[in-house]
Amino acid sequence: QVQLVESGGGLVQAGGSLRLSCAASGRTFRTYVMGWFRQAPGKEREFVARISGSGGSTTYADSVKGRFTISKDNAKSTVYLQMNSLKPEDTAVYYCAASTTPAKFNYWGQGTQVTVSS
């Protein structure tokens, strides 16, 4: 069983920055592929970014590429999402997810609200 706890959300003006954190339980965090997803009001949940177990490989949605950076600290069992140049359309609940089985994110956090004002 893996528990994920997000933090770092809040209200920020357009052009600003936020850093989200996700602390994970589990003894084998270094083997987990970790991801960030988001869901805006009235929209489906969408992929934002993912990072490999070692942290050496990352993938981003086109909408955030060049603005967001995902990173992973295996010693702290924590994954981060640095969000720069935020836009109002980035407003959403952001969810951290862990993949402990191939090709599936099977553990999810409770979400943290990010609101970007124009």
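The rules behind these values
- Residues numbered from 1 in each chain as written.
- Predicted model: local features only at pLDDT ≥ 70, side-chain atom pairs only at ≥ 80, totals over all residues.
- Heavy atoms only, no water.
- Helix = DSSP H or I, 4+ residues; strand = E, 2+ residues; numbered from the N terminus.
- Polar contact = N/O pair within 3.5 Å; in protein donor to acceptor, adjacent residues only side chain to side chain.
- Contact = heavy atoms within 4.5 Å.
- Pairing = 2+ DSSP bridges.
- Axes fitted to C-alpha atoms, helices over the stretch in contact; angles between N-to-C directions.
- Salt bridge = Lys/Arg side-chain N within 4 Å of Asp/Glu carboxyl O.
- Buried < 20%, exposed > 50% of the residue type's maximum accessible area, 1.4 Å probe, protein only.
- Disulfide = S-S within 2.5 Å.

1. A few points about the side chain of Thr-78
Now for step 1: One can find Thr-78 in strand β8 (residues 78-83).
Now for step 2: A polar side-chain atom of Thr-78 sits 2.9 Å from the main-chain carbonyl oxygen of Lys-76.
Now for step 3: In this view, Thr-78 contacts Ser-21, Cys-22, Ala-23, Phe-29, Ser-71, Lys-72 and Asp-73; residues no more than four positions away in its chain are not counted.

2. Some thoughts on the sheet that holds strand β1 (residues 4-7)
Now for step 1: The antiparallel open sheet is built from four strands, whose spatial order is β1-β3-β8-β7. A strand with exactly one partner marks an edge of an open sheet, and here the two such strands are β1 and β7 (68-73). Each neighbouring strand pair of the sheet contributes to a mean axis angle of 15 degrees, computed without reference to strand direction.
Now for step 2: Across six bridges, β7 lies against β8 in antiparallel orientation. If you follow Ile-70 over to β8, its bridge partner there is Leu-81.

3. Re the pattern of salt bridges
Now for step 1: Here the structure, examined in full by the defined rule, presents four salt bridges.
Now for step 2: Between Arg-38 and Asp-90 there is a salt bridge, with its nearest N and O atoms 2.9 Å apart. Here Arg-38, found in strand β4 (residues 33-39), pairs with Asp-90, found in the loop between β8 and β9 (92-99); they are 52 residues apart in sequence, far enough to count as distant.
Now for step 3: We note a salt bridge from Lys-65 to Asp-62, for which the minimum N-O separation is 3.1 Å.
Now for step 4: Of the residues examined, Asp-62 reaches a relative accessible area of 66% and is grouped as exposed.
Now for step 5: Sharing partners across several salt bridges, the network here consists of Arg-38, Glu-46, Arg-67 and Asp-90.

4. Re the state of the cysteines
Now for step 1: Considering all chains together, one arrives at one disulfide under this definition.
Now for step 2: Sulfur-sulfur distance for the disulfide between Cys-22 and Cys-96 comes to 2.1 Å. Torsion about the S-S bond of the Cys-22 and Cys-96 cystine: about -75 degrees, corresponding to left-handed handedness. With Cys-22 in strand β3 (residues 18-24) and Cys-96 in strand β9, the pair connects residues that are 74 residues apart, well separated along the chain.
Now for step 3: On the accessibility criterion, Cys-22 (0% relative accessible area) is buried.

The values are spatial; any link to function lies outside them.
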